[in-house]
Amino acid sequence: MLSRTADHLYWMARYIERAENLARMLDVNNRMQLLPQSEREVERLWRETLDSVGVLDSYYASHENRVVPSEVVHFMALDRKNPGSIYSCLRAARENAHAVRGTLTSELWETINATWLELRGYDISQMGADELDAFFEWVKLRSHQFRGVSFATMMRDEANCFLRLGTFIERADNTARILDVKYNFIAEAPRRDDAGEYYQWSALLHSVSAFEIYRKAYRDQITPARVAELLVLRNDMPRSLAYCTSEMTAFLETVANQRSKETQRRSGELAASLRYGRIDDVLETGLHQYLTRFIVRINDIGNRIASDFLLPVTA
Amino acid sequence: MATITETNPVPTNARFFDEMNTASGDVRAHYNGYVSWFDGMSPERMTRKRQEADALFHRSGITFAVYGDEAGAERLIPFDVIPRVIPALEWRALADGLRQRVKALNAFIHDIYHDQEILKAGRVPAEQVLSNAQYRPEMQGVDVPNNIYAAIAGVDIVRAGAGEFYVLEDNLRVPSGVSYMIENRKMMMRLFPELFAKNRVAPVEHYPDLLLDTLRAVAPKGVLDPTVVVLTPGSFNSAYFEHAFLAQQMGVELVEGQDLFVRDEQVFMRTTQGPQRVDVIYRRIDDDFLDPLAFRPDSMLGVPGLLSAYRAGNVTLSNAIGTGVADDKSIYPYVGEMVRFYLGEEPILNNVPTYMLRKPDDLAYALDHLSELVVKEVHGAGGYGMLVGPASTKAQIEDFRLRILASPEKYIAQPTLSLSTCPTFVDAGIAPRHIDLRPFVLSGNDVRFVPGGLTRVALKEGSLVVNSSQGGGTKDTWVLEE
């Protein structure tokens with residue numbers, strides 16, 4: 001297929017996945033800040049969230065260096081000028097879809113187009129905190145719908161592979177970032193009672209749709225090590241790093257071309273290290289350090305996918 | 001309830017030919033089926049169906065971009081649910097005329113880029129052709145497969161006076177609108193399936209099949225299984241929906257200039273599996289932007305070196321480069337001569353009488369009668385830059401007069417035709433509105449088309465301008481089978 005088409009499909013899927021994960025992250029923050037804690041702690045939560053997706057500086061620039069939770073939420077969810085907001089992600093997804101609408105099934109195109117038309121209908125300035133909850137729920141639902149419709153209607157061809165590649169590489173990156181910022185936050189928070197800690201961990205699990213999975217998988221109380229294991233190493237957890245990288249590797253193999261050997265090798269190596277890794281080793285290195293390295297490696301694979309498949313081959 | 005004929009009393013003076021109603025207020029025979037169905041519809045259901053159509057078009061993004069509007073603005077083309085119906089007999093005569101006309105036009109283009117017999121015979125003034133901005137000297141002596149230059153033609157036809165058909169213009173460059181023809185039919189079948197069970201409406205949805213067949217027929221010689229692509233200027237082009245639609249329906253790649261490159265006078269597209277050879281390009285980009293090395297150097301849309309590959313015969317461009325000279329408004333008056341010269345036949349379709357303002361007599365006449373005439377720019381298109389005398393104010397006419405005087409050779413004038421009308425939903429109910437018809441004529445191994453075409457309707461009362469860029473709408477077009 002055309003390199004440019006593959007590029008649009010890949011980014012369309014990435015932007016939808018990113019919008020969903022932003023919604024998850026903001027949703028869990030909203031829950032976390034309901035717990036009794038100091039104002040400074042709440043501020044730290046939001047500052048680290050901004051930092052984790054790389055928009056702290058641009059937020060400061062437009063908000064006089066002040067972290068105000070409601071403004072941060074607005075900035076990350078609906079600010080049209082913030083290229084990293086949910087609003088901008090869904091717009092970018094729609095633009096990418098529009099550029100290859102002929103490659104999408106009409107059901108899939110209509111799903112994305114309808115999402116965009118509905119988003120434009122939201123009165124952004126008027127949205128209160130209670131409506132934000134519903135908004136995040138809506139973003140997640142739309143993302144589910146996108147995946148469902150593409151799964152159910154698209155041919156299993158190259159187009160499908162690049163779309164899935166985009167989904168899994170973005171999800172791997174986002175899960176790593178969410179886990180990193182929240183894990184740190186909870187670990188470094190002042191010691192509190194068991195109940196408080198329970199809510200913190202369960203909010204994190206909820207944010208990646210892993211609360212029920214955790215219960216099923218461990219049938220035991222929530223501990224930091226198990227949370228990390230679930231989100232990093234479990235092969236049967238669809239948002240874990242292990243799962244995402246193994247899917248990525250499989251789709252890469254399907255679309256392989258003469259230039260992509262090294263990319264496949266790196267992806268396979270990363271997937272294997274997660275598949276056979278042990279959580280004790282990870283925690284010994286330090287989770288933060290481990291995740292930072294993971295994000296670097298996943299970005300490297302992303303860049304290699306771009307140069308192997310998506311950027312125009314020169315004559 | 002009121003019937004469609006009662007809500008739409010046709011003026012007895014019948015200034016305009018109405019497609020549905022006769023001057024005495026009777027329903028024409030070919031509309032009987034539709035009108036009896038309509039009379040049984042409740043107005044509420046009709047309103048609901050019209051809203052449904054809007055919502056469906058919006059959700060599926062069947063829109064067009066408007067130039068000069070805020071960046072990227074997309075609009076729906078208003079769709080009217082009352083079809084334009086053409087009886088089989090009328091269509092057959094039209095089809096014969098179209099086939100003849102397009103054959104003659106292709107013969108003309110071939111001739112002026114080769115031996116120029118028609119110019120030597122003095123049947124078309126040579127300077128009108130050779131000094132025309134649309135004449136491409138690069139094409140002299142270049143042979144194209146099957147001698148087909150305009151594989152896809154969109155011939156605009158209107159009905160005037162007592163109901164006779166006229167050709168308004170021959171669009172031989174990148175005529176658009178065929179996707180709306182197909183989508184309109186799909187929409188009508190979805191909204192009112194019972195209508196199609198009762199009326200024998202000729203199908204149009206197989207157009208993309210015919211198009212693909214046509215494009216494969218004009219592939220370079222010796223290519224057995226040609227790779228066809230659709231070349232679009234990109235997703236911000238006003239007709240992007242159509243480009244994507246046709247590529248998808250034909251199952252071929254939709255490419256932009258940046259996706260193609262030329263090596264050793266051959267065209268390739270950049271794919272995830274490396275370069276792939278391209279044989280036929282259905283291009284929806286104007287000549288000027290095709291190749292920055294040959295034409296406009298600032299074009300970001302084209303493919304450097306494309307012209308050299310084309311001239312070497314290694315790729316087919318459809319339509320060919322240089323067809324614009326034949327659909328130019330200054331050449332239009334000579335199409336009848338082309339039919340006589342190349343085919344030895346009398347033209348079946350009428351031309352509108354045309355005053356060429358570069359001729360002093362014609363100019364003098366036109367300046368005296370501006371309030372009655374339609375004046376068009378020779379190179380204009382899309383309803384931009386024209387004067388409709390009877391619908392203009394004194395000031396507009398005077399303003400246009402100055403523009404004509406400044407460069408009369410840029411204009412032609414035609415009598416204002418009393419375009420036929422068709423009942424149409426408007427704010428106040430149903431009223432007659434002026435319409436035209438654009439059939440799409442395909443020339444490959446032979447001339448083919450789907451029955452009918454795109455009917456455009458001027459939604460403003462009294463307006464004669466049907467272009468979508470000027471607020472026109474569309475209707476489903478039915479050719480009734482016998």
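Just so we're clear, the structure is a prediction, and the values are computed from it rather than from any experiment.

Cut-offs applied
- Residue numbers restart at each chain and count upward from 1, following the sequence in its written direction.
- Starting at A for chains and at 1 for ligands, labels are handed out in the order in which the entities are written.
- For a predicted model such as this one, the threshold for reporting local features is a pLDDT of at least 70, and the threshold for listing and counting side-chain atom pairs is 80 or more; totals across whole chains, interfaces and linings nevertheless cover every residue.
- With hydrogens and water excluded, all non-hydrogen atoms of the structure serve as input to the side-chain values.
- A run of H or I in DSSP counts as a helix once it spans at least four residues, and a run of E counts as a strand once it spans at least two, with each numbered from the N terminus.
- Type-normalised accessible area, obtained with a 1.4 Å probe on protein chains alone, sets the label of each residue: buried when under 20%, exposed when over 50%, and partly exposed for intermediate values.
- Residue contacts are defined here by distance: any two heavy atoms, one from each residue, within 4.5 Å place the two residues in contact.
- Whenever a nitrogen or oxygen atom comes within 3.5 Å of another N or O atom, the pair is scored as a polar contact, on the condition that within protein one atom can donate a hydrogen and the other can accept it, and that pairs from neighbouring residues in sequence are kept only if both atoms are in side chains.
- Only C-alpha atoms enter the line fits that serve as axes; for helices the fit covers just the stretch in contact. Angles between N-to-C directions range over 0 to 180 degrees.
- In these notes the angle categories are as follows: under 35 degrees is roughly parallel, over 145 is roughly antiparallel, 65 to 115 is roughly perpendicular, and the rest is oblique.
- Residues were grouped as follows: Ala, Val, Leu, Ile, Met, Phe, Trp, Tyr, Cys and Pro as nonpolar; Asp, Glu, Lys and Arg as charged; and all remaining residues, including Gly, as polar.
- We call two strands paired when DSSP finds no fewer than two bridges between them.
- Look down the strands so they point away from you; if going from the first strand over the helix to the second traces a clockwise path, that crossover is right-handed.
- Definition used for salt bridges: Asp or Glu carboxyl oxygen within 4 Å of a side-chain nitrogen of Lys or Arg.
- Grouping buried Ala, Val, Leu, Ile, Met, Phe, Trp, Tyr and Cys residues that are joined through side-chain atoms within 4.5 Å yields what is termed a nonpolar core.
- A pair of aromatic rings is counted whenever rings of Phe, Tyr or Trp (Trp by its six-membered ring) have centres within 6.5 Å, and the orientation is called stacked for planes under 30 degrees apart, edge-to-face for over 60 and tilted otherwise.
- Sitting over a ring, as applied to charges here, requires NZ of Lys or CZ of Arg to be within 6 Å of the ring centre and within 35 degrees of the ring normal.
- The buried area of a pairing is the accessible area, by a 1.4 Å probe, that goes missing from both parts when the two are put together, added over both.
- In this analysis, the expected span of each helix is defined as 1.5 Å times one less than the number of residues it contains.
- By arc we mean the arc of the directions from the helix axis to the C-beta atoms, nothing more.
- Confidence scores per residue from the predictor, reported as pLDDT, run from 0 to 100.

Student: Please clarify how the environment of Tyr332(B) should be interpreted in this entry.
Tutor: Residue and element names in this part refer to chain B. Within the element layout of this structure, Tyr332 appears in the loop between strand S12 (316–318) and helix H11 (335–343). Residue classification places Tyr332 among the buried positions, given a relative accessible area of 4%. When the C-alpha atoms of Tyr332 and Thr354 are compared, they prove to be 8.6 Å apart, with 22 residues separating the residues in sequence. Apart from residues no more than four positions distant in its own chain, Tyr332 is found in contact with Arg101, Val167, Leu168, Glu169, Asp170, Asn351, Val352, Thr354 and Gln414. Among the polar contacts listed, one links the side chain of Tyr332 to the backbone nitrogen of Val352, at a separation of 2.7 Å.

Student: What exactly am I supposed to notice about the packing of helix H1 (residues 3–32) of chain A against helix H4 (residues 69–77) of chain A here?
Tutor: Packed helix pairs are specified by the crossing angle of their axes together with the interaxial distance, meaning the distance between the axes. Residues and elements named next belong to chain A. Closest axis-to-axis distance for the H1/H4 pair is 10 Å, and the angle between their directions is 170 degrees. Judged on the interaxial angle alone, H4 and H1 are roughly antiparallel. Of the residues in H4, those in contact with Leu22, Leu26 and Asn30 of H1 are Val73, Met76 and Ala77. Tallied by class, the residues present in the contact of H1 with H4 amount to five nonpolar, one polar and no charged.

Student: How do you make sense of the pairing of strand S6 (residues 228–231) of chain B when you look at a structure like this?
Tutor: Two faces, one strand: in a regular strand the side chains alternate between the faces of the sheet. Residues and elements named next belong to chain B. Residue alternation in S6 divides its side chains into two sets, Val228 and Val230 and Val229 and Leu231, and both sets are buried. Direction of pairing for S6 relative to strand S11 (residues 280–283): parallel, over a ladder of four bridges. Bridge pairing links Val228 to Val280 in S11. Inspection of the sheet shows S6 paired to strand S7 (residues 253–255) by three bridges, in the parallel sense. Within S7, the position partnered with Val229 by the bridge is Glu253. What joins S6 to S7 is helix H9 (residues 240–250), and the crossover it makes is right-handed.

Student: What exactly am I supposed to notice about the pattern of salt bridges here?
Tutor: Applying the stated criterion across every chain yields a total of 51 salt bridges over all chains. A salt bridge links Arg4(A) to Asp259(B); the shortest N-O distance between them is 2.6 Å. Linking Arg4(A) in helix H1 with Asp259(B) in the loop between S7 and strand S8 (260–263), this pair reaches from one chain into another. Overall, Arg4(A) belongs to the buried group, its relative accessible area being 8%. When salt bridges that share partners are traced, they join Glu17(A), Glu20(A), Arg24(A), Arg147(A), Arg171(A) and Arg239(A) into one network.

Student: Can you walk me through the nonpolar core in this structure?
Tutor: Most often, soluble globular proteins have nonpolar side chains that are buried together. The biggest cluster of nonpolar side chains holds 105 residues, and the ones touching the most others in it are Ile86(A), Phe135(A), Phe136(A), Leu165(A), Val232(A), Leu274(A) and Ile305(A). Leu105(B), Tyr135(B), Ile285(B) and Leu349(B) belong to the second largest nonpolar core, which has 72 residues in total.

Student: So what exactly am I meant to see when it comes to the packing of aromatic side chains here?
Tutor: Working definition: an aromatic ring pair is given by the centre-to-centre distance plus the angle between the planes. Evaluation of the coordinates by the stated rule reveals 31 aromatic pairs over all chains. For the pair Phe168(A) and Phe251(A), a centre-to-centre distance of 6.4 Å together with 15 degrees between the ring planes defines the contact as stacked. Remark: Phe251(A) occurs in helix H12 (residues 241–255) and Phe168(A) occurs in helix H8 (residues 158–188); sequence separation between them is 83 residues. For the pair Phe168(A) and Phe251(A), one class covers both residues: buried. When the ring of Tyr34(B) is compared with that of Trp37(B), the centres are 5.4 Å apart and the planes differ by 45 degrees; the resulting orientation is tilted. Taken together, the positions of Tyr34(B) and Trp37(B), both in helix H1 (residues 32–39) and three residues apart, correspond to about one turn of that helix. Across this residue pair, the class does not change: Tyr34(B) and Trp37(B) are buried. In textbook terms, an aromatic cluster arises when at least three aromatic residues are bridged by ring pairs, as seen for Tyr31(B), Tyr34(B), Trp37(B), Phe38(B), Phe192(B), Phe196(B), Phe425(B) and Trp478(B). Here the guanidinium or amino end of Arg156(A) rests over the ring plane of Phe151(A), the centre of that ring lying 4.8 Å away. Here the basic side chain of Arg234(A) rests over the ring of Tyr218(A), its NZ or CZ set 5.6 Å away from the ring centre.

Student: Whenever I open this one, the interface of chain A and chain B confuses me. Can you help?
Tutor: Often, the extent of an interface is quoted as the loss of accessible area on bringing the components together. Each partner contributes to the interface: chain A provides 29 residues, whereas chain B provides 23 residues. Of the roughly 2,200 Å² buried where chain A meets chain B, counting both sides, 47% is carbon and sulfur surface. At the boundary of chain A with chain B, the tally comes to 14 residue pairs in polar contact (both at pLDDT 80 or more). When contributions to the side of chain A that touches chain B are tallied by element, the ones reaching two or more residues are H1, helix H5 (86–99), helix H6 (106–121) and H8 of chain A. Residue composition of the side of chain A that touches chain B, by class: 16 nonpolar, eight polar and five charged.

Student: Before we go on, may I ask you to explain the pairing of strand S4 (residues 152–160) of chain B in this structure?
Tutor: Residues and elements named next belong to chain B. Of all nine residues in S4, nine are buried; the element is thus mostly enclosed. Neither face of S4 is exposed, since Ile152, Gly154, Asp156, Val158 and Ala160 on one face and Ala153, Val155, Ile157 and Arg159 on the opposite face are all buried. As judged from the three bridges shared by S4 and strand S20 (residues 440–443), these two strands associate in the antiparallel manner. Across the sheet, the residue bridging to Gly154 is Phe440, located in S20. Judged from the seven bridges that link them, S4 and strand S5 (residues 164–171) form a sheet pairing that is antiparallel. Residue pairing in the sheet places Arg159 in a bridge with Phe165 of S5.

Student: What am I meant to see in helix H13 (residues 261–275) of chain A here?
Tutor: All names here are of chain A. The end-to-end C-alpha distance of H13, which contains 15 residues, comes to 21 Å, matching closely the 21 Å that a straight helix rising 1.5 Å per residue would cover. All of the buried residues along H13 are Thr263, Gln264, Ser267, Leu270, Ala271 and Leu274. All buried residues of H13 fall inside an arc of 135 degrees around its axis, so they share one side. Looking at the packing, one finds that the buried side of H13 touches helix H11 (224–232), H12 and helix H15 (287–310).

Student: Even after reading the chapter, I still don't get unusual backbone geometry, so can you show me in this structure?
Tutor: Excluding glycine, a negative phi dihedral is what most residues carry, and trans is how most peptide bonds are arranged. All names here are of chain B. A cis geometry characterises the amide bond from Ser318 onward to Asn319, with omega recorded as -5 degrees. With respect to the helices and strands, Asn319 occurs in the loop between S12 and H11. Even without a glycine there, the phi angle at Gln116 is positive, about 60 degrees. Owing to a relative accessible area of 19%, Gln116 belongs among the buried residues under this scheme.

Student: Please clarify how the confidence of the model for chain B should be interpreted in this entry.
Tutor: Caution applies to low-pLDDT parts of the model: their predicted coordinates are not meant to be read in detail. Residue and element names in this part refer to chain B. When pLDDT is averaged across chain B, the result is 90; 94% of the residues are at 70 or more. Every residue in residues 6–13 scores below 50 in pLDDT, and together they form twelve contacts with partners more than four places removed in sequence or on other chains. For the stretch residues 68–72, pLDDT sits under 50, and the model shows one contact to residues farther than four places along the chain or on other chains. Across the assembled chains, the prediction reports ipTM 0.79 with pTM 0.85.

Student: I tried to follow the sheet that holds S7(B) on my own but got confused; where do I start?
Tutor: Note on sheets: strands pair through backbone hydrogen bonds, and any given pair is parallel or antiparallel. Residues and elements named next belong to chain B. Taken in spatial order, the four strands make up an open sheet running S7-S6-S11-S12, and their pairing is parallel. Where the open sheet ends on each side, the last strands, each with one partner, are S7 and S12. Put simply, the sheet's adjacent strands are angled 30 degrees from each other on average, direction ignored.

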